[in-house]
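Here's the letter readout for the chains.
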Amino acid sequence: MPFPKDRTGSVIPGSVSVIIPTFRRPDGLDRAMASVLIQTALSDVAVSLIVCDNSPEASARTQVAELAAIASIAITYVHEPRTGVANARNAAVEASNAEFIAFLDDDEEAPAGWLAALLKTRADFGADVVFGPVQARLQDRNADYPLYFETFFSRTGPVQSQRLEACYGCGNSLIRRSVMPKTKPFCTDHNEMGGEDDKLFGDLYREGRVMAWSAEATVFEDVPPSRSTLKYTLRRAFAYGQGPSFWAALSHKPLTCAAWMAQGIVQGLLFSLFGGILYMIGSRQSAPRLDKAMRGFGKVIWFPPFKIGFYGQALLKSSGGH
């Protein structure tokens, strides 16, 4: 369904497309979209919003259309029925010809000065990619390990804005479009498991692209009760641990893969021992130790059928899809 777009076929200088990929999360999407519309200090910037709906049934179409009809900025709805986080991001990027692309997740909310802060940091450091902090907001006030869960779902970095010798994930980031691959910038091999953003930003860093941290560009991530549980986070920690070994194998680097696996054995055994003891005595310090243990075991057991997926078909099944 075509809505007013920011595309004329060529790059629009000084323009930013904010991209929100979404999958059956209407309340979160409402908050995320509304937060884009209240951005301030952008009088010289052409801002547009692109929502990529990754549900096969296009569940967000009407929701986005209703906002587009009254919004003060151009809003584009993109339907990518092929489930997968890389597919969604690629389809949204293809729909934009803005000079810069900012990513916001559909469970995140951006304060009014967020986008201006990202752009200022980019200009200050001549950056190609800018990352900002993510502050988790637990919806379950009675979660067993609140500090651990807040840390797990948050992203922290330097106290002051600066250039980086590292890279982070896609949620809350700004990218110069010209440095991205022209087609399918996000690797579709990562559709199910995630990490497609780590690969892209890692490749850009190795190419010598300038990375920066915008300390003032914080966004808030809402964590539902279903996620603030050890059952969820330890499973996710295991999946995160699988990443390095899987990528090494995918890149045909068997020695690197073996090194990650060896490290994982030591990490898994050591932290499972400490974490298990702390858990048995009821210490809240058990959670971060068990997390590290699961990441270690993930480095060892990274191959099918043990590879854990959180996106694509895995997400479709978990949400009662068809």
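Reference entry: report on the structure contained in this document.

Moving on, we get to the packing of aromatic side chains. Following the criterion strictly, the structure yields twelve aromatic pairs and no others. Pairing F152 with F153 gives two aromatic rings, centres 5.0 Å apart and planes at 70°, and the pair type is edge-to-face. An identical accessibility class is assigned to F152 and F153; each is buried. Here the aromatic rings of F153 and Y232 are separated by 6.3 Å at their centres, their planes lie at 20°, and the arrangement is stacked. Placement of F153 in helix α5 (residues 146-153) and of Y232 in helix α7 (residues 230-250) is noted, with a sequence separation of 79 residues between them. Exposure class is identical for F153 and Y232. Each is buried.

The next subject is the sheet that holds strand β2 (residues 46-53). Backbone hydrogen bonds hold the strands of a sheet together, and the pairing may be parallel or antiparallel. Here we have eight strands laid out as an open sheet, ordered β3-β2-β1-β4-β9-β6-β10-β8, and mixed in their pairing. Bordering the open sheet on either side are β3 (74-79) and β8 (162-164), each of which pairs with just one other strand. Going across the sheet, the axis of each strand differs from the next one's by a mean of 25°, ignoring polarity. Pairing geometry for strand β4 (residues 98-103) and strand β9 (residues 173-176), over four bridges, is antiparallel. The partner of F100 across the bridge, within β9, is R176. Along the sheet, helix α2 (residues 61-68) contacts β2 and β3; its crossing angle with β3, the most-contacted strand, is approximately 170°.

Reading the values: rules and limits
- Residues numbered from 1 in each chain as written.
- Predicted model: local features only at pLDDT ≥ 70, side-chain atom pairs only at ≥ 80, totals over all residues.
- Heavy atoms only, no water.
- Phe/Tyr/Trp six-rings, centres within 6.5 Å; stacked < 30°, edge-to-face > 60°.
- Buried < 20%, exposed > 50% of the residue type's maximum accessible area, 1.4 Å probe, protein only.
- Helix = DSSP H or I, 4+ residues; strand = E, 2+ residues; numbered from the N terminus.
- Pairing = 2+ DSSP bridges.
- Axes fitted to C-alpha atoms, helices over the stretch in contact; angles between N-to-C directions.
- Contact = heavy atoms within 4.5 Å.

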